[in-house]
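Here is how the chains run, residue by residue.
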Amino acid sequence: MNVPIEAYLIVSTIMFFVGVYGFLARRNLLTILMSLELMLNAVNINFTVFNRYLFPGQLDGFFFTLFIIGIAAAETALAIAIIINIYRNIQNIFVDKVNNLKH
Amino acid sequence: MDLSNYLLMRQEMSLLLVFLILIIYDLFSNDKAKNWFHFSACSLWFIHTVCGFLFPITGQSFAGMFVNGDIEIMTKNILNIGVLIIFLQSYSWLKKEDTAFKRGEFFMLVLITLFGMYLMISARNFILFFIGLETASLPVATLVAFDKYKHNSAEAGAKFILTAVFSSVIMLFGLSLLYGNCGTLYFEDIATTISSPSNLLILALTFVLTGLFFKLSLVPFHLWTADVYEGAPTNVTSYLSTISKGAAVFALMVFLYRVFGNLFEQWNIILWWIIAITITVGNIFAIRQNNFKRFLAFSSISQAGYIVLAVFIGTAQGMGASIYYILVYVVSNLAAFGVANAIENATGKINISDYNGLYKTNPNLSIVLMLAMFSLGGIPPTAGFFSKFFVFTAVAEQHEYVLLFIALLNTVISLYYYLLVVKALFINANEAPIEKFKTDWYAKISFIICLIGIFSIGFASYIYEYINSISFGI
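This text gives an overview of the structure that appears in the document. (Residues numbered from 1 in each chain as written. Chains lettered and ligands numbered in written order. Predicted model: local features only at pLDDT ≥ 70, side-chain atom pairs only at ≥ 80, totals over all residues. Heavy atoms only, no water.)

### Some points on the overall build of chain A
Then, in step 1: The number of helices and strands found in chain A is 3 helices and 0 strands.
Then, in step 2: Taking 2.2 N^0.38 as the reference for a compact globule, 103 residues should give roughly 13 Å; the C-alpha atoms of chain A span a radius of gyration of 17 Å, well beyond that estimate.
Then, in step 3: The dimensions of chain A, computed from C-alpha atoms along their principal axes, are 55 × 25 × 25 Å.
Then, in step 4: Here chain A holds 103 residues, and 42% of them are scored as buried.
Then, in step 5: Within chain A, counting contacts between residues at least 6 apart in sequence, those at least 24 apart form 62% of the total. (Helix = DSSP H or I, 4+ residues; strand = E, 2+ residues; numbered from the N terminus. Rg over C-alpha atoms; globule rule 2.2 N^0.38 Å. Buried < 20%, exposed > 50% of the residue type's maximum accessible area, 1.4 Å probe, protein only. Contact = heavy atoms within 4.5 Å.)

### Comments concerning helix α16 (residues 316-347) of chain B
Residues and elements named next belong to chain B.
Then, in step 1: Under the 1.5 Å per step criterion, the end-to-end length of α16 is 46 Å for 32 residues, consistent within 8% with the ideal 46 Å.
Then, in step 2: Where burial is concerned, most of α16 is hidden: 27 out of the 32 residues are buried.
Then, in step 3: Residue glycine 348 follows α16 closely and has a positive phi angle near 80 degrees. (Expected span 1.5 Å × (residues − 1).)

### Digging into the interface of chain A and chain B
Then, in step 1: Taken together, the contact pairs 39 residues of chain A with 41 residues of chain B.
Then, in step 2: Across the chain A to chain B interface the summed buried area is about 3,700 Å²; carbon plus sulfur atoms make up 79%.
Then, in step 3: A per-residue breakdown of the area chain A buries against chain B is headed by Phe64(A), Ile82(A) and Leu101(A), which together make up 19% of the total.
Then, in step 4: Here chain A and chain B share 4 residue pairs in polar contact (both at pLDDT 80 or more) between them. (Buried area = accessible area lost by both parts, 1.4 Å probe. Polar contact = N/O pair within 3.5 Å; in protein donor to acceptor, adjacent residues only side chain to side chain.)

### As for the packing of aromatic side chains
Residues and elements named next belong to chain B.
Then, in step 1: The full count for this structure, using the stated rule, is 53 aromatic pairs over all chains.
Then, in step 2: Centre to centre, the rings of tryptophan 36 and phenylalanine 39 are 5.8 Å apart; their planes meet at 80 degrees, and the pair counts as edge-to-face.
Then, in step 3: Residue phenylalanine 39 is classed as partly exposed on the basis of its relative accessible area, which comes to 43%.
Then, in step 4: An aromatic cluster is built from Tyr25, Phe37, Trp45, Phe87, Trp93, Phe106, Phe107 and Phe146, whose rings are joined through pairwise contacts.
Then, in step 5: Seen from the ring of phenylalanine 146, lysine 102 lies directly overhead, with NZ or CZ sitting 4.9 Å from the centre.
Then, in step 6: In this structure, lysine 444 packs its charged tip against the face of tryptophan 441, placed 4.8 Å from the ring centre. (Phe/Tyr/Trp six-rings, centres within 6.5 Å; stacked < 30°, edge-to-face > 60°. Lys NZ or Arg CZ within 6 Å of the ring centre and 35° of its normal.)

### Details of a nonpolar patch on the surface
All names here are of chain A.
Then, in step 1: There is a patch of nonpolar side chains on the surface, built from Leu59, Phe62, Phe63, Leu66, Phe67 and Ile69 and spanning about 560 Å² of accessible area.
Then, in step 2: Tracing the backbone shows phenylalanine 62 in helix α3 (residues 60-90).
Then, in step 3: Looking at phenylalanine 62, the relative accessible area reads 31%, which means it is partly exposed. (Patch = residues over 30% accessible without salt bridge, like charges linked within 9 Å, V, L, I, M, F, W, Y side chains within 5 Å. Areas by Shrake-Rupley, 256 points an atom, 1.4 Å probe, with all protein chains shown as cover. Salt bridge = Lys/Arg side-chain N within 4 Å of Asp/Glu carboxyl O.)

### Concerning the layout of surface pockets
Residues and elements named next belong to chain B.
Then, in step 1: Within this model, the second largest pocket holds a volume of roughly 560 Å³.
Then, in step 2: Lining the second largest pocket are 23 residues, and of these Phe53, Met74, Asn77, Ile81 and Leu327 lie nearest its centre.
Then, in step 3: Elements that contribute at least two residues to the lining of the second largest pocket include exactly α3 (37-53), α4 (70-89), α16, α21 (441-459) and α22 (461-470).
Then, in step 4: With 7 residues, the top contributor of residues to the lining of the second largest pocket is α4.
Then, in step 5: Of the residues contributing to the lining of the second largest pocket, the split by class is 17 nonpolar, 5 polar and 1 charged. (1 Å grid on protein atoms, 1.4 Å probe; cavity = no way out; pocket = protein on both sides within 12 Å on 5 of 7 lines; lining within 4 Å. Points joined across faces, edges and corners; volume = space filled by probe spheres on them. Nonpolar A, V, L, I, M, F, W, Y, C, P; charged D, E, K, R; others polar.)

### Thoughts on the environment of Met373(B)
Residue and element names in this part refer to chain B.
Then, in step 1: If you trace the backbone, methionine 373 turns up in helix α18 (residues 363-377).
Then, in step 2: Judged by its relative accessible area of 1%, methionine 373 falls in the buried class.
Then, in step 3: Between the C-alpha atoms of methionine 373 and leucine 143, which are 230 residues apart in sequence, the distance is 26 Å.
Then, in step 4: Look past the residues within four positions of methionine 373 in its chain and what remains in contact with it is Phe292, Phe295, Leu296, Ala336, Tyr418, Val421 and Val422.

### Thoughts on empty space enclosed by the protein
All names here are of chain B.
Then, in step 1: All told, the structure shown has 4 cavities of 30 Å³ or more when counted by the stated rule.
Then, in step 2: Taken as a whole, the largest cavity holds about 260 Å³ of empty space.
Then, in step 3: As for the largest cavity, its lining consists of 21 residues, of which Ser137, Phe160, Lys215, Leu240 and Ser244 are closest to the centre.
Then, in step 4: Elements with a contribution of two residues or more to the lining of the largest cavity: α7 (103-122), α8 (126-144), α9 (151-182), α11 (199-216), α12 (223-231) and α13 (234-259).

### Remarks on the environment of Thr237(B)
Residues and elements named next belong to chain B.
Then, in step 1: Within the secondary structure, threonine 237 sits in helix α13.
Then, in step 2: Here threonine 237 falls in the buried class, since its relative accessible area comes to 0%.
Then, in step 3: Among all residues touching threonine 237, those that are not within four sequence positions of it are Tyr229, Ala232, Lys293 and Phe337.

### Details of the packing of helix α14 (residues 264-287) of chain B against helix α20 (residues 401-426) of chain B
The relative placement of two packed helices is expressed as an angle between their axes plus a distance between the axes.
Residues and elements named next belong to chain B.
Then, in step 1: Viewed as axis vectors pointing N to C, α14 and α20 meet at an angle of 15 degrees, and their least axial separation amounts to 9 Å. Compared by their axis directions, α14 and α20 come out roughly parallel. Considering the relative orientation of α14 and α20, their crossing is left-handed. Note on element contacts: α20 touches α14 through Val402, Leu403, Ile406, Ala407, Asn410, Ile413, Ser414, Tyr416 and Tyr417, opposite Trp272, Ile275, Ala276, Ile279, Thr280, Asn283, Ala286 and Ile287.
Then, in step 2: Here the residues of the contact of α14 with α20 are counted per class, giving 13 nonpolar, 4 polar and no charged. (Axes fitted to C-alpha atoms, helices over the stretch in contact; angles between N-to-C directions. Parallel < 35°, antiparallel > 145°, perpendicular 65-115°, else oblique. Left-handed = near helix turned anticlockwise from the far one by under 90°.)

### Considering the packing of α18(B) against α20(B)
Residues and elements named next belong to chain B.
Then, in step 1: The geometry of α18 relative to α20 is characterised by a closest axis approach of 9 Å and an angle of 175 degrees between their N-to-C directions. As the angle between them shows, α18 and α20 are arranged roughly antiparallel. The segment α18 lies against α20, with Ser366, Leu369, Met370, Met373, Phe374, Leu376 and Gly377 engaging Thr411, Ser414, Leu415, Tyr418, Leu419, Val421, Val422, Leu425 and Phe426.
Then, in step 2: Considering only residue class, the contact of α18 with α20 consists of 12 nonpolar, 4 polar and no charged.

Honestly, it's all geometry; don't read function into it.
If you want it as structure tokens, here you go:
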């Protein structure tokens, strides 16, 4: 059975926009981070699928995916470190409590 | 594998050399030797900056992934000068007790982000560009959260990293669509594949541009700017608002001219609206700020609008004007930040109302700040006038009169709030003005560099002619 390319693209687009919604609507910093991961993985699916279906002779898309995975790991580590620092300061990681800088 | 490829990356190699020397110095020196750390870092960086101007080699390597033309070298040199000024200004901040033990880290992080910006500027392949972009933006988050025990700094760090990653992901989504459309990641090959606009291409263009607009903090995507600029340590704020912005503008130009050149009609109309809104909103919000760092944040938003104004017409003259604007903006904005930094480190005061009557106690600092404000506002003897003049000339030559009129009107509004600061320094009465304090030598040298820049860049017509001769259009 052959899965058509559109099926993959629909899944990745839905994942991406679920991520966007989560980024804008969630109140917990960790959940926001999870939404970002969702968006990154949607991009990964896109690259892999385009490479596999449309340009099977090359490896550009696969390599891009590998780099994105690596960089996403670095980004998550850094963001969690900063979130821990916030938690140490105010014992809270909800967005509406992290609003010292708003006037 | 041909080692001569690396010859083209001289500036990158030299930067990494400085980085390695400093990291070894920082790790293996005793307390007494550490007293010389700041001095050696600044002098090494000065040597690197001077070397950047000497013996430029141009060409491309790694199968066209990495390009170093005259204009790339010039942009890197401008960034080098800016970083030199920031290093000089950071002395009084890094000397403090709660930052002194991580003095080395500040230099390491700044240098590694600058390395990422070099890659962003020279990259002609999206993989290399993306690595450069992330190298340039992730360590900045740690710099923003550098004051570990201040809550504001950590909060600004979280806001910065979340928006930075969000914007890169949006850009990546656009890139994936572009890859699906063209089947290649090289700028040149993509440009030849794009001949006529299709819906998918326009979608990809919008996503990619949105990601870059976040980095540049143009208006619908500017909401993180003021908070991050206020919470970050002042030296980091100055780094963010000048150096990061300069590199991102160059990347935007390469994207628009070298990749999406055939979609000129489409991105031209997007940028028209973005610029008009950016300049206006930045100005209007700047008027009501009292915190000097927030004030400079909104002023930098509107300045970014002027820089992109030169980009959007798509001619070589526009690109020249835009890079020249970046150069002038770097020296004038860093002068303003330098004064704010000196005052904040000596007294802890950062509000504009605290600056009332500063001229009576600290005349030299007030004059530097006044000249910086004049240059940012564009008052004739300073370089800021010339940079705005060249941008407007370039726009007028393409007959974009409506946008030109909006920009001119906004220049008048911006003069009002820049002069409000000058009024606070010289005219407003204050019973208890900031007391007289001594500025350290490093900061004095940085002010001298800035003032030389503010006065000489405009009159040395050679600089503008040179930049104009090496820039490219669509």
